[in-house]
2 protein chains.
Amino acid sequence: MITPHPDLGLPAPLTDNGVRVVPLGGLGEVGRNMTIIEHAGQLLVVDCGVLFPDDDHPGIDLILPDWSHYADRLDDIQAIVLTHGHEDHIGAVPYLLRERPGIPLIGSQLTLALVEAKLKEHKITPYTLGVREGDRERLGVFDCEFVAVNHSIPDALAVMIRTPGGSILHTGDFKMDQLPLDGRLTDLRAFARLGEEGVDLFLTDSTNAEVPGFTTPEREISPAIDKVFRHTERRIIVACFSSHVHRVQQVLDAAEKAGRKVAMVGRSMIRNMGIAADLGYLTVPDGVLVDAKQLRDLPDHRIVLICTGSQGEPMAALSRMANGDHQIDVGPGDAVLMASSLIPGNENAVYRVINGLMRLGATVVHKGNARVHVSGHASAGELLYCYNIVQPRNVMPVHGEWRHLVANAELAVATGVPRGHVALAEDGVVVDLVDGGVSIAGAVPCGYVYVDGSSVGGADETLLKDRRILRDEGFISVIVVIDSMTGKVAAGPEITARGFVEDDVIFDEVRPKLEAALDEAISRGVRDTHELQQVIRRAVGGWVGRKIRRRPMIIPTVIES
Amino acid sequence: MITPHPDLGLPAPLTDNGVRVVPLGGLGEVGRNMTIIEHAGQLLVVDCGVLFPDDDHPGIDLILPDWSHYADRLDDIQAIVLTHGHEDHIGAVPYLLRERPGIPLIGSQLTLALVEAKLKEHKITPYTLGVREGDRERLGVFDCEFVAVNHSIPDALAVMIRTPGGSILHTGDFKMDQLPLDGRLTDLRAFARLGEEGVDLFLTDSTNAEVPGFTTPEREISPAIDKVFRHTERRIIVACFSSHVHRVQQVLDAAEKAGRKVAMVGRSMIRNMGIAADLGYLTVPDGVLVDAKQLRDLPDHRIVLICTGSQGEPMAALSRMANGDHQIDVGPGDAVLMASSLIPGNENAVYRVINGLMRLGATVVHKGNARVHVSGHASAGELLYCYNIVQPRNVMPVHGEWRHLVANAELAVATGVPRGHVALAEDGVVVDLVDGGVSIAGAVPCGYVYVDGSSVGGADETLLKDRRILRDEGFISVIVVIDSMTGKVAAGPEITARGFVEDDVIFDEVRPKLEAALDEAISRGVRDTHELQQVIRRAVGGWVGRKIRRRPMIIPTVIES
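Quick caveat, the model's predicted, so the values are computed rather than measured.

### Examining the interface of chain B and chain A
Link 1 in the chain: Listed as interface residues are 58 residues of chain B and, on the opposing side, 58 residues of chain A.
Link 2 in the chain: If you look at where chain B meets chain A, you find ten salt bridges.
Link 3 in the chain: Arg498 of chain A is paired through a salt bridge with Asp466 of chain B; the nearest N and O atoms lie 2.9 Å apart.
Link 4 in the chain: Linking chain B to chain A there are 20 residue pairs in polar contact (both at pLDDT 80 or more).
Link 5 in the chain: If you list the elements that add at least two residues to the side of chain B that touches chain A, you get α9 (347-359), α11 (402-414), α12 (461-473), β23 (475-482), β24 (489-498), α14 (529-548) and β25 (553-560) of chain B.
Link 6 in the chain: In terms of residues, the side of chain B that touches chain A owes the most to one element, α9 of chain B, which gives eight residues.
Link 7 in the chain: In terms of residue class, the side of chain B that touches chain A is made up of 21 nonpolar, 14 polar and 23 charged.

Structure, rendered in structure tokens:
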């Protein structure tokens, strides 16, 4: 396996006959997928998504791919190819377009509709080019062919990128449901044809590479949905991702059969399903859909609600229902169907919601007690099929944490791809395809770019470190006013604390010590504000460490008056 | 099912012929198990454990049961019965003994040794009474008989508590491994005998009640351990809980067979396994155990390390190895065996460790890719056996979140316990057993008691709310010095921020607005410090909300000079 050396430097310029692949997100993590393909001085971007922060990034709203290395080459970008409409593939498009408006967006009809709706919120109207499976478009030097793939959102595409330096097949996110609900298969005949033509580098979705066997077909969750519809006496509340058109379709169909009406709850659910219905990806049975306001006129046993919040998001409708803090007052006889995966890290929040709903008397059907969700990604068995059909010359696993990438690489090797033709890369690592072989040519800087309120890129590791200290320890503020004439303390020290466990009364103990330290420093002739602040920091920090065994942030302020 | 009404008040005093059961922890959560049993004015405590905080409790070290309702009745406590030596059953003992030293501790030999080691760190020597399975001890009015149960730590006990008001059987944590590694079965013959005598109230471990079937026997993980020993070329590093004597025994035995030496790493691992070996619960094969320092003289293929850190704890040896920040420099050829469960909420931390170790080239064998751990708790199938053997009159599920308690209650009902004889309670809910029937008699106050550094009970919800704001938003400090003679601003406003995303330069915009607001207030004759602070808070808070769309904590300080 070709793996990156820890001390990689910037790569040498690409040779004329080479193709360069640089992942700027999604390799070594799950999210913010973005890959730069380079040939003959031109760039093609595949996907431009966001990563959702975890507890290690307090206060952060979103994490973007880091395209700073390409900041002065944005004009070289021929297009952004979007493989499908999930946030981790399209979410960062507004931020890239802010830096260079007018980069063409290429994608399927549904994908473009979803990204356009998102851009509208950012007041951006993009230049777009809609494509379908089978289409072939020339984007600068990149000759792109689009291939249907099956995923947990309709209209997903893989892309074959032909260049004079070699051909790259990028799967995007995909699985290989052989009996998909909408009949749209991952086009293995196209994969076979492309493989016969010759795929020099195959970029494949690693998300489920560790999972043995095959991903369960979507239709196998219908029995669990039907069971809920058969057994529920009062309302049925379904929580799922707001992009999961097929799941919503299954619920609409079940509701029609059961003579129930369905209302959507939540801005993103209403928006996305509206788009999907308008474009024909969602078929709403006649008269089934109602407005949430109309529910009041219906008896409970004729009501279905579809909402977001399946990950325990505290502000979502479902969490508020679980807290008894929503106009829908969940109670005995109601059933809640959580028809989604449980994203690692969200367990506590999700179980809090489940416990809350059960405490109110509802029945909760979830991944833990019924088959109500299947993954959108190909498992190991499917990936093996893929490798054997495509028979690529070189492989580069994409989309996943390191453990996923390694597992995917081993699958490629198991099908006969030589280890020396499998490149394991992380964000920023530069993989060059030259004369039919891959190598790691260097690395470009690739950090986290944080969206924090209206700030993009303003938050950094120092800020997060401060927030982690404030979170765990709080702070102690010490203010001293120095008389600018005499150089002596005119007021203070004023000591206050927030997020700090002890009562302010405890500072009575340190105040004389601090006063003595200040007097000593002033009598030595110290007048510099920064030096006096150091005196305060040392006196208070040392005392609190010894006395309380904590390390709050110490904020000394010396003011001259 | 008998369930608590949301607005329960304090219970009426207990009738003479009644027994009262009050859980002060462990019901509605996983951890801090503690139950108070009351009869004839006397109290018996079963377990006294800690709960480990999650992200919702920033900066908190431990969460204790809330025994404040019993603060003036501590002298009524006859004894604390400890069912086994896990932290969530013994960890709060030092804090209770601080309030009333001398409460007798009753438990098995290993349990008492572990709690004594813990108390030694708190400089407390307890009064203890060691018991074995089959023993019967009178503790005030409580006639206690101890029964062997099988769990993920040796020497666990259930306890039958006979009182003139009725008999209560409390399982503690348990499972029913039918081929346990140490041969010590959960004593179903004793359960049968007690059932024939009559169990009026059965308190059973709910942790795995949602899991169908039977918990896999411990010995079925041996093949996975053996495989690691067969295939690893260099070092083997095993991470597990520091109390899991049986798992460590399996590793020691495999090491002996493979001709490897074992070193323990980490204070709690060394301490607990030392205790277990001294008392004969761990059998160390001759010459297998070495000191970590001696590893330098051994070739890699003869080394095994056993350490903690299986939950991704950032300061544990394993996390530091994964970061390349430990004297053990993990690399290709090494294998890491993570032989423990993954506690919900720890996923991100654990996967971070796994990815880090794999990036260094190590093979990582974990729950996700091999059978290297089994649970310590009885699954639904085992609980059914239990109910059918004991045939209790009344049931009260304990130990678990609400969803676990409900699942356990349904199992009792499925075996024929009438719904009206199953009490679902949460922490603080008072369950009375009177004349052979249970009822919910009220609730006692039962909040979280936080240990935060050296403070016990000082942290409260206000403090945590402050920390959550500081974590997500940071703070802006505004200091103004007022001349006490003139009432006018003598210095400032000095505006600084920490944990706040924008550069301080942004405050140039609000400073004139703030100055104007202060001038206006002062010219209106405002002199009160608190009122002026309100002026600052409004001016700065309003501006930052509109401008940055964030809500940092605003800390105004007005000093008179």
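### Considering the UniProt feature "domain: Metallo-beta-lactamase" (unreviewed entry) in chain A
Link 1 in the chain: As recorded in UniProt, the sites labelled "domain: Metallo-beta-lactamase" (unreviewed entry) are residues 31-225 of chain A.
Link 2 in the chain: Taken end to end, residues 31-225 of chain A has its terminal C-alpha atoms 29 Å apart, with 19% of it in helix and 28% in strand.

### Looking at the UniProt feature "binding site: Ca(2+)" (unreviewed entry) in chain A
Link 1 in the chain: Within the UniProt annotation, "binding site: Ca(2+)" (unreviewed entry) is assigned to Gly59, Asp61 and Asp452 of chain A. Look at the named residues: they lie 394 residues apart in sequence, but the longest C-alpha span between them is just 6.9 Å, so in the fold they bunch up.
Link 2 in the chain: Take Asp61 of chain A: it is sitting in the loop between β3 (42-46) and β4 (62-64).
Link 3 in the chain: Those residues within four positions of Asp61 of chain A in sequence are excluded, and the remaining contacts are Pro53, Val451, Asp452 and Gly453 of chain A together with Arg550 of chain B.
Link 4 in the chain: In this structure, Asp452 of chain A sits in strand β21 (residues 449-452).
Link 5 in the chain: The class for Asp452 of chain A is buried, based on a relative accessible area of 0%.
Link 6 in the chain: When residues no more than four places from it in sequence are discounted, the contact partners of Asp452 of chain A are Gly59, Ile60, Asp61, Ala459, Leu463 and Arg467 of chain A together with Val501 and Arg550 of chain B.

### Observations regarding the sheet that holds β25 of chain B
Residues and elements named next belong to chain B.
Link 1 in the chain: Spatially, β24-β23-β25 is the arrangement adopted by the three strands of the open sheet, whose pairing is mixed. Edge positions in the sheet fall to β24 and β25, since each has one partner strand and no second. Direction aside, the axes of adjacent strands within the sheet are offset by 10° on average.
Link 2 in the chain: Contacts from helix α13 (residues 507-523) reach β23 and β24, with the element oriented near 140° to β24.
Link 3 in the chain: Relative to the sheet, α14 contacts β23 and β25, its axis offset from that of β25 by approximately 145°.

So, how was this worked out
- Residues numbered from 1 in each chain as written.
- Chains lettered and ligands numbered in written order.
- Predicted model: local features only at pLDDT ≥ 70, side-chain atom pairs only at ≥ 80, totals over all residues.
- Heavy atoms only, no water.
- Contact = heavy atoms within 4.5 Å.
- Salt bridge = Lys/Arg side-chain N within 4 Å of Asp/Glu carboxyl O.
- Polar contact = N/O pair within 3.5 Å; in protein donor to acceptor, adjacent residues only side chain to side chain.
- Helix = DSSP H or I, 4+ residues; strand = E, 2+ residues; numbered from the N terminus.
- Nonpolar A, V, L, I, M, F, W, Y, C, P; charged D, E, K, R; others polar.
- UniProt positions renumbered as here; feature names shortened; annotations may be inferred.
- Buried < 20%, exposed > 50% of the residue type's maximum accessible area, 1.4 Å probe, protein only.
- Pairing = 2+ DSSP bridges.
- Axes fitted to C-alpha atoms, helices over the stretch in contact; angles between N-to-C directions.

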